[in-house]
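# What the coordinates show
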Amino acid sequence: MADLVGPRLYSCCNCRNHVSLHDDIVSKAFQGKHGRAFLFSHAMNIVVGAKEDRHLLTGLHTVADISCGDCHEVLGWKYERAYEVSQKYKEGKFILEKSKIVKEGW
């Protein structure tokens, strides 16, 4: 009988709270505040902070920091609004910084 393999997850680096699924990665080619970051279509067990406008590498966006729902470690941000037409695909998606997440169940 074959071994059953669960979903590949990403967890908070601090407390191991599950925050996203590997299958929800949209892109690995993003830059966060602390280095490389991944763009996810969904995130879970997080808290979304206050919205604010930020000038990022790709222009002006309205974003909200996202934190772990258990330990409150800031993990990245959620794109609430993109002002450039070419960046609209990011709206509603999540940046998780690679340095703030760990692989689980791989």
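Structure: above.
Source: prediction; values computed, not measured.

### Let's talk about the pairing of strand β5 (residues 46-56)
Pairing between β5 and strand β6 (residues 59-68): nine bridges, direction antiparallel. Residue pairing for β6: histidine 55 is matched across the bridge by leucine 60. Between β5 and β6, which follow one another and run antiparallel, lie two residues.

### Remarks on the nonpolar core
Side chains of a nonpolar character, in soluble globular proteins, are inclined to be buried together. Counting residues in each nonpolar core, the largest one holds 13 residues, and the members touching the most others are Tyr10, Val19, Phe38, Phe40, Leu75, Leu96 and Ile101. Of all hydrophobic cores here, the second largest spans seven residues; its members include Ala37, Leu39, Val63 and Tyr79.

### Focus: the packing of aromatic side chains
Under the counting rule described, the total for this entry stands at four aromatic pairs. An angle of 70° between the planes, with centres 6.0 Å apart, marks the rings of tyrosine 10 and phenylalanine 38 as edge-to-face. Of this pair, tyrosine 10 sits in strand β1 (residues 9-12) while phenylalanine 38 sits in strand β4 (residues 35-40), and the two are 28 residues apart along the sequence. Residues tyrosine 10 and phenylalanine 38 agree in their burial class; the two are buried. Considering the side-chain rings of tryptophan 77 and tyrosine 79, the 6.3 Å spacing of their centres and the 80° angle between planes classify their relative orientation as edge-to-face. As far as the burial class goes, tryptophan 77 and tyrosine 79 line up, both buried. By the ring-pair criterion, three or more aromatic residues cluster together here, those being Tyr10, Phe38 and Phe40. Positioned above the aromatic ring of phenylalanine 38 is the side chain of lysine 28, whose terminal nitrogen or guanidinium carbon lies 5.7 Å from the ring centre.

### Quick notes on the sheet that holds β6
The six strands are arranged β3-β4-β8-β7-β6-β5 in an open sheet whose pairing can be described as antiparallel. Each having just a single partner strand, β3 (25-32) and β5 make up the two edges of the open sheet. Sheet twist, expressed as the average angle between the axes of neighbouring strands with direction ignored, equals 30°. Bridge analysis of β3 against β4 gives five bridges, and the strand direction is antiparallel. Within β4, the position partnered with serine 27 by the bridge is leucine 39.

### Observations regarding the sheet that holds strand β9 (residues 101-104)
Strand order across the open sheet formed by three strands is β2-β1-β9, with antiparallel pairing between neighbours. One side of each edge strand has no neighbouring strand; the edge strands of this open sheet are β2 (18-21) and β9. Within the sheet, the average angular offset between the axes of one strand and its neighbour, ignoring direction, is 35°. In the sheet, β1 pairs with β9 via four bridges, with the strands oriented antiparallel. Across the sheet, serine 11 pairs through a bridge with valine 102, a residue of β9.

The rules behind these values
- As a convention, each chain's residues are numbered from 1 in the sequence order in which they are written.
- For a predicted model such as this one, the threshold for reporting local features is a pLDDT of at least 70, and the threshold for listing and counting side-chain atom pairs is 80 or more; totals across whole chains, interfaces and linings nevertheless cover every residue.
- Calculation of side-chain values draws on the structure's entire complement of heavy atoms; hydrogens and water are dropped beforehand.
- Note on pairing: DSSP must find at least two bridges between two strands before they are called paired.
- Strands are runs of DSSP state E lasting at least 2 residues, helices are runs of H or I lasting at least 4, and numbering of each runs from the N terminus.
- Residues enter a nonpolar core if they are buried and are Ala, Val, Leu, Ile, Met, Phe, Trp, Tyr or Cys, with the set joined through side-chain atoms within 4.5 Å.
- Burial classes follow relative accessibility: with a 1.4 Å probe on protein chains only, a residue under 20% of its type's maximum area counts as buried, one over 50% as exposed, and anything between as partly exposed.
- Aromatic contacts are taken between Phe, Tyr and Trp rings whose centres are within 6.5 Å, Trp giving its six-membered ring; a plane angle under 30 degrees counts as stacked, one over 60 as edge-to-face, and the others as tilted.
- Think of it as a cone above the ring: NZ of Lys or CZ of Arg counts as a charge over the ring if it is within 6 Å of the ring centre and within 35 degrees of the ring normal.
- Only the stretch in contact is used when fitting a helix axis, every axis being a line fitted to C-alpha atoms; angles between N-to-C directions are given from 0 to 180 degrees.

Remember, this is a structural readout, not a statement about activity or role.
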